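Observations on the model geometry
Below are the chains, spelled out letter by letter.
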Amino acid sequence: MEEIKSIQWFPGHMTKTKRKIESQLKLIDAVAVLLDARVPYSSCNPDLRSVINNKPRIAVLNKCDMADPKETKKWINLFKEKGIASIALDCKTGKGLNTFIPAVKNLLSDKIRTWNEKGMTGKTIKVMVVGIPNVGKSSFINRMSKQNRAKVEDRPGVTRGNQWFTIGKGFDLLDTPGVLWPKFDDPKVGERLAFIGSVKDNILDTEHLSGRLLEYLRDNYAEPLCMRYKLNKDDITDLQGYEILEMIGKKRGMLVSGGETDTERAAATVLDEFRGAVLGRLTLDKAEEHTDVRI
Ligand code: G4P
C-alpha cells in the first residue's frame, strides 16, 4: 500500500491542521472524535491524542448500521476499560443520535457542577467535532443541527472557516478546523481505509485491492462471503485473493471477448457490494487486536 501512503499523506498539511485544532482548544469543553465503526482503529489519526492533550474526549462510532453489532459492543467495552467515553450511532437512520448530548453532559458532569455552583447555569457546552475524511462529519453535524454543513472539499489547500452549529439549547458544535488526514503508519490501516472506500480508487489497483479484501473476508467472514458469491468454503481455503476474484467473476458470467474472466468488473462489484454492506454488517478492525486504542 506504498502507493496510498505516497499520494494521500501530506505531513505539511497535518501540521497546519494540528495548529488550527490547538488554537481552538481554549474555546471548547470537549472533543468528539468521529470514527467509522467498521474500522475504529484505522479511522483514528493517532497524532490527535497529543494535539487535544487532556481535553475531555468522546469516541463516536458512526456508521454502525454497516458494522458488525457484536464487534461494536466489544469496541464500546474496550473504550470503557480504557476510561474513554464512547457511543455508537448511525447518521443514516439516526439511531443513537439522541445519546450524544447526554453522553457529553455525563463526560463533563464535574465541570457542569462547578459552573452551576458558580451560578453559571445554562452556560453553553462547546464541542469540537473531528475525524478523518469520510467518517461522516457532515452527516453528523447536519443531522444534529438540522442545518447544512457547507460542503468543502477535503483536499490540501482548501480552507474551512470556523463554523459553529447549535444542536440544542446551550449546546454548540465546532466543525473540524482543517482536514485531519488518516495516518498510514501501519500498512493494514491504509488497506482497510481503501476497502471501505476512504481512499480514492482511481489511485489504486482495484483487482489487487479486492483480492486482498477477499482474503480478509475468507479468513474472518467466510460465511457471508460464501453465501453472497455462492462459493464453497473448502474450495477457497488455499486460494490467493486474485483466484477467488476470478472464481466470482466466472460464476457471475463476467467475461471479456475471448472468454477470459473480466476480473476488473468483478473487482468493482466486490468492492461496491462490500462498501454498500450487501454482504452484511462487517467490522474490519477487531477490538481484541487493537487494545492500544489510538484516541
Ligand atoms: P465527512 O464529512 O466526514 O467527509 O463525511 P460525510 O458526512 O460526507 O459522509 C461520507 C459518506 O458516508 C456519505 O456517503 C454519507 O452519506 C455516508 N454516511 C455518513 N454517515 C453514515 C452512516 O451512519 N451510515 C451510512 N451507511 N452511511 C453514512 P456518500 O455516498 O459519499 O454521499 P451521499 O451520496 O450519501 O451524500
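Coordinates for the structure precede this section.
Let us look at the structure shown here. (Residues numbered from 1 in each chain as written. Predicted model: local features only at pLDDT ≥ 70, side-chain atom pairs only at ≥ 80, totals over all residues. Heavy atoms only, no water.)

What follows concerns the overall build of the chain. Counting its secondary structure elements, the chain contains 13 helices and 6 strands. Whereas a compact globule of 295 residues would reach a radius of gyration of roughly 19 Å, the chain reaches 21 Å, a difference of no more than 12%. A principal-axis box enclosing the C-alpha atoms of the chain has dimensions of 80 × 40 × 35 Å. Taken over 295 residues, the chain has a buried fraction of 52%. The long-range fraction of contacts in the chain, counting pairs at least 24 apart against all pairs at least 6 apart in sequence, stands at 72%. Charged side chains of the chain number 49 positive and 40 negative; the gap between the two group centres comes to 10 Å. (Helix = DSSP H or I, 4+ residues; strand = E, 2+ residues; numbered from the N terminus. Rg over C-alpha atoms; globule rule 2.2 N^0.38 Å. Buried < 20%, exposed > 50% of the residue type's maximum accessible area, 1.4 Å probe, protein only. Contact = heavy atoms within 4.5 Å. Lys, Arg positive; Asp, Glu negative; His and termini not counted. Charge placed at Lys NZ, Arg CZ, Asp CG, Glu CD.)

As a further point, take the sheet that holds strand E1 (residues 30-36). By definition, the strands of a sheet pair up through backbone hydrogen bonds, in either a parallel or an antiparallel sense. Taking strand neighbours across the sheet as the criterion, the 6 strands line up as E3-E2-E1-E4-E6-E5 in an open arrangement whose pairing is mixed. In this open sheet, the two edge strands, each paired with only one partner strand, are strand E3 (85-88) and strand E5 (164-168). Each strand of the sheet is rotated relative to its neighbour by a mean of 30°, with strand direction disregarded. Here 4 bridges tie strand E4 (residues 125-130) to strand E6 (residues 171-174), and the two strands are oriented parallel to one another. Each residue of the ladder has a partner; that of Lys126, found in E6, is Asp172. (Pairing = 2+ DSSP bridges. Axes fitted to C-alpha atoms, helices over the stretch in contact; angles between N-to-C directions.)

Surveying the vicinity of the ligand reveals 18 residues, the closest of which are Asp65, Cys91, Asn134, Lys137 and Ser139. In the environment of the ligand, an oxygen atom lies 2.8 Å from a nitrogen or oxygen atom belonging to the backbone of Ser138. Here the ligand has 710 Å² of accessible area as a free molecule, and 62% of this is covered by the chains. Ranked by residues supplied to the shell around the ligand, first place goes to helix H7 (residues 137-145) with 3 residues. Residues that form the shell around the ligand fall into these classes: 5 nonpolar, 5 polar and 8 charged. (Near = heavy atom within 4 Å. Polar contact = N/O pair within 3.5 Å; in protein donor to acceptor, adjacent residues only side chain to side chain. Areas by Shrake-Rupley, 256 points an atom, 1.4 Å probe, with all protein chains shown as cover. Nonpolar A, V, L, I, M, F, W, Y, C, P; charged D, E, K, R; others polar.)

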